[in-house]
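Working through the structure, step by step
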Number of protein chains: 2
Amino acid sequence: MAEVQNGTEAEKAPAVAFMAVKPWLVVDAPKASDAVQFYKTAFGAEELSRVMHPKRKANQETPLVLSAELKLGSAIVVVSDLIDEDSSPVKSAVTGVFCLETEEVESALSQAVTAGATAVGEISEGDAACCGGRVGKVKDPYGNIWLICSPPKKCADVAA
Amino acid sequence: MAEVQNGTEAEKAPAVAFMAVKPWLVVDAPKASDAVQFYKTAFGAEELSRVMHPKRKANQETPLVLSAELKLGSAIVVVSDLIDEDSSPVKSAVTGVFCLETEEVESALSQAVTAGATAVGEISEGDAACCGGRVGKVKDPYGNIWLICSPPKKCADVAA
């Protein structure tokens, strides 16, 4: 394990190259399979891979999802069942807030609500760097909040 | 606002195109500025844009970050101060779990710990779709868990 170091070396020259960063959504078991289906229906997510939990499989219990990778827009999101083990990175379900950009804010909101999300408030004008355009909000059945935003011009230049 | 519809139309043909998906980390105010610096030092994040909260600025209080966009690997992550307003998408700080891929697991862990993260457990072999290689964990000062993973082969084909 890395030791705690007392220095500023890393501050000066971050030398490590990172590739993908994937948000990990952990839902109460055994809802991960449903959650994957929801994200497909609500947001058109594409399932890239799924790994089931081996122990549960062997025991003939309800199969649990160790991790499912979803392509969602340009990002990859991971969905897992909460598995109560020492190796699990979390001990309770993990919810998050996500900014989801689309030119079709109304259609996206409608599609998400049809799939089972709950609309939160009205469409408004965003003022944040990530949501400088029109913004609507939905809460999904697993507790995550999705800000459906039209792409802001100031971000389009750097993050198209 | 979109009405709840009773149908399977969206299931059959998700027609909405999504672009960027950005995880949004909301930290207790006024720590967002520190958090941005931490992610730069710990993970080599690049700040793309920052929007300050206008009211706080006018009142000469501690300036709060409405949103800062960070490029982290191939992803964009947004960091905000928790601002207690009706328009705020959340009412409490938001933490998450992220899988962060790199070929240099040890160096990345060391760099993160040097920057102020706390190592969690030992490096192990991952068995999930997103972390099929070697995996180390750190918790950052804002409560987020980062799984530092070597890229799994089964993911490299589809998500390189």
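Definitions and limits used
- Within any chain, residue numbers begin from 1 and follow the written order of that chain's sequence.
- Key to labels: chains lettered from A, ligands numbered from 1, both in the order written.
- pLDDT decides what is reported in this predicted model: residues at 70 or higher carry local features, side-chain atom pairs at 80 or more are listed and counted, and totals for whole chains, interfaces and linings draw on all residues regardless.
- Derived side-chain values reflect all non-hydrogen atoms in the structure, with water molecules and hydrogen atoms excluded from consideration.
- Here, axes are lines fitted to C-alpha atoms. For helices the fit covers the stretch in contact, and angles between N-to-C directions go from 0 to 180 degrees.
- Helix numbers and strand numbers start at the N terminus; a helix is a DSSP run of H or I with at least 4 residues, a strand a run of E with at least 2.
- With the far helix as reference, a near helix turned anticlockwise by less than a right angle produces a left-handed crossing, and one turned clockwise produces a right-handed crossing.
- By definition in these notes, contact holds between two residues if any of their heavy atoms fall within 4.5 Å.
- Residues are grouped as follows: nonpolar covers Ala, Val, Leu, Ile, Met, Phe, Trp, Tyr, Cys and Pro; charged covers Asp, Glu, Lys and Arg; every other residue, Gly included, is treated as polar.
- Here, any two strands with at least 2 DSSP bridges between them count as paired.

Under an unreviewed UniProt entry, the name given to chain A is Lactoylglutathione lyase glyoxalase I family, and the organism recorded is Olea europaea subsp. europaea.

A separate point is the packing of helix α2 (residues 32–43) of chain A against helix α4 (residues 105–115) of chain A. Residue and element names in this part refer to chain A. Here α2 crosses α4 at 150 degrees, and the two axes come no closer than 7 Å. In the packing of α2 onto α4, the handedness of the crossing is right-handed. Across the interface between the two elements, F38, T41, A42 and F43 of α2 pack against Q111, A112 and A115 of α4. Here the residues of the contact of α2 with α4 sort into 5 nonpolar, 2 polar and no charged.

Below, the discussion takes up the sheet that holds strand β1 (residues 21–27) of chain A. Taken together, 8 strands build an open sheet; the order of strands is β2(A)-β3(A)-β4(A)-β1(A)-β5(B)-β8(B)-β7(B)-β6(B) and the sheet is mixed. A strand with exactly one partner marks an edge of an open sheet, and here the two such strands are β2 (46–52) of chain A together with β6 (118–125) of chain B. Across the sheet, the mean angle separating the axes of adjacent strands is 20 degrees when strand polarity is ignored. Bridge analysis of β6 of chain B against strand β7 (residues 134–139) of chain B gives 5 bridges, and the strand direction is antiparallel. For S124 of chain B, the partnering residue across the bridge sits in β7 of chain B and is V135 of chain B. Contacts between helix α4 (residues 105–115) of chain B and the sheet are confined to β6, β7 and β8 (145–149) of chain B, with β7 of chain B contributing the most and set at about 5 degrees to the helix.

Another point: the sheet that holds strand β1 (residues 21–27) of chain B. A sheet is described by the order of its strands in space; here 8 strands give the open sequence β6(A)-β7(A)-β8(A)-β5(A)-β1(B)-β4(B)-β3(B)-β2(B), paired in mixed fashion. Each edge of the open sheet is held by one strand with a lone partner, namely β6 (118–125) of chain A together with β2 (46–52) of chain B. For this sheet the average axis-to-axis angle between neighbouring strands, irrespective of direction, equals 20 degrees. Relative to strand β7 (residues 134–139) of chain A, α4 of chain A is tilted by about 5 degrees, and along the sheet it contacts β6, β7 and β8 (145–149) of chain A.

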